[in-house]
Amino acid sequence: MHDYGSGKKNSAGGLMTRIPGIIVVEPSAEQSKYRAAEVFARKQPKQLKLSNDIESVKEHLREVRHEARDDNAKLLERLKNTLAGFGVNVRIAADGKEAASAIRQIAGDTRLASINKSNIVVNEIRPDLKSQGFETYIRYFTEFSKNFEPEVFKKELEDYWSLAGMHDRGLMESFAVRKKFSSLPKGDIRDYVVILGVNAISAENGDVFFLQHMSNISHDLEQARKVILVVGIEKVAKDSDTALFHTRSMGIFGLESILLDLKPNDLERFDFDGLPVLADQPERSIDVIILDNGRSKLLNGIYEDLFLCIDCRNCARQCPIGLHVFFERGLVYSPKNYLLGFLQGFLPPVDACLHCGRCHVECPVEIDIPTLIWKAQLEHYEHHKRSLKKRMLDDPEMLAKMGTLTAPLSNWMVHIPIVQYMTELFTGVHRNSHLPTFHRETFRDWFKGGKRG
Ligand code: SF4
Ligand code: SF4
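Structure report, in brief. (Residues numbered from 1 in each chain as written. Chains lettered and ligands numbered in written order. Predicted model: local features only at pLDDT ≥ 70, side-chain atom pairs only at ≥ 80, totals over all residues. Heavy atoms only, no water.)

### Some words on the side chain of Glu26
At step 1: Looking at the element boundaries, Glu26 is found in strand 4 (residues 22–27).
At step 2: Of the residues examined, Glu26 reaches a relative accessible area of 15% and is grouped as buried.
At step 3: At a separation of 3.1 Å, a polar atom in the side chain of Glu26 contacts the side chain of Gln212. (Helix = DSSP H or I, 4+ residues; strand = E, 2+ residues; numbered from the N terminus. Buried < 20%, exposed > 50% of the residue type's maximum accessible area, 1.4 Å probe, protein only. Polar contact = N/O pair within 3.5 Å; in protein donor to acceptor, adjacent residues only side chain to side chain.)

As structure tokens, this is what we get:
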């Protein structure tokens, strides 16, 4: 663990912290004209030229993400200096364990934490926080109605996300800057810490960006006794404009996937607003933890494209297997998160992947996740015996042939609970997975038969 720029003391001996800007980006109200799904189904008015707009956003995104990946070491150095200049405490943690023990030091006697729903906090640090005795809650879930009924929850979500009126000012403005904090707001402080995985950060001036879906982040910044920001090393952008573009792109490409694993979850419920307001209203400071957790080893190797990821989770939208594999572990799911978790050593190999390629097609920065998963599996099985499940899944062609030959019977059978159970038992493909539909006529037959066009 390395410390940089420990907070300067003021004349009274307290911490004197200037903070970098904290910028919260949200969908703009104007979007309520159209629903997200409609926009992505290309049902918006033609004059918006959405598809052109999307292609240009992707192109620019690829450009800035390649630049961020290639300059990562330089950007990281610059960020450390920038943050040290603010007097913000900065720690570099090699892994989740180091991050959690740093958080314990920062938190003092408090063992109650609000966390945001980010891969880095939920998947990588939360288990170690639990070992350190923390109670952690994803406050996002607590922002919904008090009664938490599944139907009410669904309606509130849908109402909130009745958006994406990608209006004529263009896609980017669909996610507006809602709040900018240049100091931590005073008053109504309660005895808990907030641990936030940041979506992007500017190396040039330290501005920190969050994509907010409800009001959880703003509330935590106002109420928590300590604010702890966790930065994955791939989240560093060269300047504020680039970091804002990164964050907005997350919103644009993540619109639908955000809803994937959101279900009322009583275990996450905690009434932070109901905590007593601290009488002494302590002076607050911000701590930043820069987390590596195996990332730097991936740079300059076959997995370096994972650095291009903006964590939009669009790759999760069409993946037939992953939601269940992750959801039941309480993790934030995406095929990329799964692969990263495996490379970081806390998840088993991604045997259940069907190599269908859907995640690659959906990725705005074109990360070839299926090929990377293949490579990870190959490396792993050089040193480990392949299970029967694995041998079956390694022959998707054979599985596809069986499904095609027996269609439509095979399509009917995959919906029978006992068949779903057996499939899960023998192949590891979860019983609730949405498997592709088989057709008797293959694409080759169709092409040869001249029925095209
Ligand atoms: S290739 Fe694998 S990870 Fe990607 S969508 Fe298909 S099953 Fe999911
Ligand atoms: S890998 Fe997935 S989460 Fe990452 S940028 Fe691509 S679609 Fe988004």
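Having seen the model, we can carry on.
### Things to note about the environment of Tyr140
At step 1: Take Tyr140: it is sitting in the loop between strand 7 (135–138) and helix 6 (150–160).
At step 2: Each C-alpha atom of the pair Tyr140 and Lys117 lies 7.2 Å from the other, and the pair is 23 residues apart in sequence.

### Looking at the site of ligand 1
At step 1: The immediate surroundings of ligand 1 are formed by 13 residues, with Cys319, Cys353, Leu354, Cys356 and Cys359 found nearest.
At step 2: Of the residues that constitute the shell around ligand 1, the class distribution is 10 nonpolar, 2 polar and 1 charged. (Near = heavy atom within 4 Å. Nonpolar A, V, L, I, M, F, W, Y, C, P; charged D, E, K, R; others polar.)

### Examining the pattern of salt bridges
At step 1: Tallying each qualifying case throughout the model produces 19 salt bridges.
At step 2: Arg225 is the salt-bridge partner of Asp191, the closest N and O atoms lying 3.1 Å from each other. Of this pair, Asp191 sits in strand 9 (residues 190–197) while Arg225 sits in strand 12 (residues 224–232), and the two are 34 residues apart along the sequence.
At step 3: Judged by relative accessible area, which is 26%, Arg225 ranks as partly exposed.
At step 4: Because the salt bridges share partners, they merge into one network encompassing Arg69, Asp70, Glu304 and Asp305. (Salt bridge = Lys/Arg side-chain N within 4 Å of Asp/Glu carboxyl O.)

### Points about the pairing of strand 4
At step 1: The buried count for strand 4 comes to 6 of 6 residues, which makes it a mostly enclosed element.
At step 2: Here 6 bridges tie strand 4 to strand 8 (residues 175–181), and the two strands are oriented antiparallel to one another. Within strand 8, the residue paired with Ile22 across the bridge is Phe181.
At step 3: The sheet contact formed by strand 4 and strand 11 (residues 208–211) spans 4 bridges and is parallel. Residue pairing across strands places Ile22 opposite Val208, the latter belonging to strand 11. (Pairing = 2+ DSSP bridges.)

### Brief notes about empty space enclosed by the protein
At step 1: Using the criterion set out here, one finds 5 cavities of 30 Å³ or more in the structure.
At step 2: As for the largest cavity, its lining consists of 26 residues, and the residues nearest its centre are Lys117, Ser118, Asn199, His213 and Met250.
At step 3: Elements represented by at least two residues in the lining of the largest cavity include exactly helix 5 (119–131) and helix 7 (216–223).
At step 4: Residues of the lining of the largest cavity, tallied by class, amount to 10 nonpolar, 10 polar and 6 charged. (1 Å grid on protein atoms, 1.4 Å probe; cavity = no way out; pocket = protein on both sides within 12 Å on 5 of 7 lines; lining within 4 Å. Points joined across faces, edges and corners; volume = space filled by probe spheres on them.)

### Brief notes about unusual backbone geometry
At step 1: Despite not being glycine, Gln281 has its phi angle at roughly 40°, a positive value.
At step 2: Among the structural elements, Gln281 can be located in the loop between helix 8 (240–254) and strand 14 (286–291).
At step 3: In this model, Asn293 sits at a positive phi of 50°, which is unusual for a non-glycine residue.
At step 4: The residue Asn293 is located in the loop between strand 14 and helix 9 (295–298) in this model.
At step 5: The class for Asn293 is buried, based on a relative accessible area of 11%.

### Regarding the pairing of strand 12
At step 1: For strand 12, a buried count of 7 out of 9 residues is recorded, marking the element as mostly surrounded by other parts of the structure.
At step 2: Strand direction decides the pairing type here: strand 9 and strand 12, joined by 6 bridges, are parallel. Residue pairing across strands places Val194 opposite Val227, the latter belonging to strand 12.
At step 3: Where strand 12 lies against strand 14, 6 bridges are found, and the strand directions are parallel.

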